Amino acid sequence: MTALELRGLTKSFPLRQGWKTRDHFAVKGVDLALARNEILGLVGESGSGKTTTGMLALRLIEPTSGQILIGGTDVTTLPPPALKPFRRRMQVIFQDSYSALNPMMTLEQIVAEPLVIHGEPDPAKARQWLDRVGLPASFAARYPHELSGGQRQRVAIARALILRPEILVADEPTSALDVSIKAQIINLLSDLQKEMGLSILFISHDLSVVRALTDRVAVMQAGRIVEEAETETIFAAARHPYTQALLDAIPARHPKDRRRRTFPTPGLLHLAGDAPGPEPRLIHLTPTHRVEAVITSGETP
Ligand SMILES: Nc1ncnc2c1ncn2[C@@H]1O[C@H](COP(=O)(O)OP(=O)(O)OP(=O)(O)O)[C@@H](O)[C@H]1O
Ligand SMILES: [Mg+2]
């Protein structure tokens, strides 16, 4: 059963060039199906249209053409009152949860707010959710500025899931986090996904995290899906040259391995783009693809 389906989804933005305005197509005819209980990775270089696709799916922006189906129902043109029950079935978390958390509200109020909006206030449930995402009870009365990036992301997850949505769009939820915190958040998302039978559209640059977490991967380039396959197939045998180039861009552990797409040590994946020093950091993955430990390169796993 399909939780979310995008059909021929297209979005253009007006782009001013000197005196003229032309249409810039951020998303071009995207077909994508997210199954129930599935984590689908959406990867691609910066500007390829990943966030725009997520925003369209959530109907936070309006498509130029195409359709969005939630649980088989076409919601593309539903007016706000009719859309409301579908909105609650679909939630989102972003990379920058700080800007999404009201600085004037306590964490309990922030997590409880979606219930209030839907006319079901329940502070006890908010406290349960703070506990569920691994925050101590004393945090209920704290404010967002008192938290670390990882703790804020836990609050954002609690707030997104308190309505028990079927679908979660996670747009680079771990990109701003340190490597060890990243692994904790990924494990939390993975546990909650299994527990709740969530369907997750997981947007990320970070191919090692995508490999660890997702069932399937869709690769975007310049607004189009250019490749889509089971996660292991993509990493073992990407067919599209663009996907191969993306995989090649993952920093290698040793300079001599830089041009290799196969990973030098089984189970060790390189985290692209977040290494502070010349040596990339590594996440150690077990065969079940759970992120068990984070090590820095040079150490033995
Ligand atoms: N509101 C907007 N107005 C005009 N152009 C936009 C708007 N939003 C996105 N774009 C353009 O659409 C294209 C896709 O942007 P989008 O943010 O979806 O990419 P992305 O894949 O999420 O990139 P990143 O990995 O950097 O987050 C880009 O060329 C971007 O400049
Ligand atoms: Mg983006």
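See the structure above.
Quick caveat: nothing in here was measured; it's all calculated off a predicted structure.

Visitor: Pulling in residues and values, what's your account of the overall build of the protein?
Guide: Helix and strand content of the protein: ten helices and 13 strands. Within the protein, the proportion of its 301 residues that are buried is 48%. For the protein, restricting intrachain contacts to residue pairs at least 6 apart in sequence, the fraction spanning at least 24 positions comes to 63%. A total accessible area of about 14,200 Å² is found for the protein, and carbon and sulfur atoms account for 53% of it.

Visitor: Quick rundown of the nonpolar core? Include the residues and the values.
Guide: One finds Trp129, Val155, Ile157 and Phe202 to be the most contacted residues of the largest nonpolar core, which totals 51 residues. Split by domain, the residues of this core number at least three in each of domain 1 (2–89 + 165–296) and domain 2 (101–163). Contact partners of phenylalanine 202, with chain neighbours within four places excluded, come to Ile39, Leu40, Gly41, Leu42, Ala170, Pro173, Ile186, Leu189, Val209, Val210, Leu213 and Thr214.

Visitor: Tell me about empty space enclosed by the protein, and please be specific about residues and values.
Guide: A complete count under the given rule lists four cavities of 30 Å³ or more for this structure. The volume enclosed by the second largest cavity comes to roughly 40 Å³. Lining the second largest cavity we find Ala57, Leu58, Arg59, Ile70, Val75, Leu83, Phe86, Arg87 and Met90. Top contributing element to the lining of the second largest cavity by residue count: helix 2 (residues 80–88), with three residues.

Visitor: Explain unusual backbone geometry residue by residue, including any values.
Guide: With a phi angle near 50°, glutamate 172 is a residue other than glycine that sits in the positive phi range. Assignment of secondary structure puts glutamate 172 in the loop between strand 7 (167–171) and helix 7 (179–196). Exposure remark for glutamate 172: the relative accessible area of 6% places this residue in the buried category. In this model, alanine 222 sits at a positive phi of 45°, which is unusual for a non-glycine residue. Within the element layout of this structure, alanine 222 appears in the loop between strand 9 (216–221) and strand 10 (224–230).

Visitor: Give a detailed account of the sheet that holds strand 7, specifying residues and quantitative values.
Guide: Strand pairing in a sheet takes place through backbone hydrogen bonds and is either antiparallel or parallel in direction. Judged by pairing direction, the sheet is mixed, and its six strands sit side by side in the order 6-7-8-3-9-10 without closing on themselves. The open sheet has two edge strands with one neighbour each: strand 6 (90–94) and strand 10. Adjacent strand axes in the sheet meet at a mean angle of 15° when their direction is disregarded. Two strands pair when backbone bridges link them, and strand 9 and strand 10 are joined in this way by six bridges, in the antiparallel orientation. Looking at the pairing, methionine 220 lines up with isoleucine 225 of strand 10. Sitting on the sheet, helix 10 (residues 241–248) touches strand 3 (39–43), strand 9 and strand 10, and the angle it makes with strand 9 is about 100°.

Visitor: Give me the site of ligand 1: which residues, what numbers.
Guide: Ligand 1 sits among Phe13, His24, Ala26, Glu45, Ser46, Gly47, Ser48, Gly49, Lys50, Thr51, Thr52 and His205. Measuring from an oxygen atom of ligand 1, one finds a side-chain N or O atom of serine 46 at 2.4 Å. One of the side-chain nitrogen or oxygen atoms of histidine 205 is found 3.1 Å away from an oxygen atom of ligand 1. Here ligand 1, which alone exposes 630 Å², has 61% of that area covered by the protein.

Visitor: Provide a residue-level description of the pattern of salt bridges, including the pertinent values.
Guide: A complete count under the given rule lists eleven salt bridges for this structure. In this structure, arginine 88 and glutamate 120 form a salt bridge, with 2.9 Å as the shortest nitrogen-oxygen distance. Residue arginine 88 is found in helix 2, and its partner glutamate 120 is found in the loop between helix 4 (107–117) and helix 5 (123–132); the two are separated by 32 residues along the sequence. With a shortest N-O distance of 3.0 Å, arginine 89 and glutamate 166 are connected by a salt bridge. In this pair, arginine 89 is assigned in the loop between helix 2 and strand 6 and glutamate 166 in the loop between helix 6 (149–161) and strand 7, connecting sequence segments 77 residues apart. One continuous salt-bridge network, built from bridges that share partners, spans Glu38, Arg216 and Glu228.

Visitor: Please provide a residue-by-residue account of the packing of aromatic side chains, values included.
Guide: Applying the stated criterion to the full structure yields zero aromatic pairs. Positioned above the aromatic ring of phenylalanine 139, the side-chain terminus of arginine 142 is 4.2 Å from the ring centre.

The rules behind the values
Residues numbered from 1 in each chain as written. Chains lettered and ligands numbered in written order. Predicted model: local features only at pLDDT ≥ 70, side-chain atom pairs only at ≥ 80, totals over all residues. Heavy atoms only, no water. Helix = DSSP H or I, 4+ residues; strand = E, 2+ residues; numbered from the N terminus. Buried < 20%, exposed > 50% of the residue type's maximum accessible area, 1.4 Å probe, protein only. Contact = heavy atoms within 4.5 Å. Areas by Shrake-Rupley, 256 points an atom, 1.4 Å probe, with all protein chains shown as cover. Core = buried A, V, L, I, M, F, W, Y, C linked by side-chain atoms within 4.5 Å. Domains from an automatic or database assignment. 1 Å grid on protein atoms, 1.4 Å probe; cavity = no way out; pocket = protein on both sides within 12 Å on 5 of 7 lines; lining within 4 Å. Points joined across faces, edges and corners; volume = space filled by probe spheres on them. Pairing = 2+ DSSP bridges. Axes fitted to C-alpha atoms, helices over the stretch in contact; angles between N-to-C directions. Near = heavy atom within 4 Å. Polar contact = N/O pair within 3.5 Å; in protein donor to acceptor, adjacent residues only side chain to side chain. Salt bridge = Lys/Arg side-chain N within 4 Å of Asp/Glu carboxyl O. Phe/Tyr/Trp six-rings, centres within 6.5 Å; stacked < 30°, edge-to-face > 60°. Lys NZ or Arg CZ within 6 Å of the ring centre and 35° of its normal.

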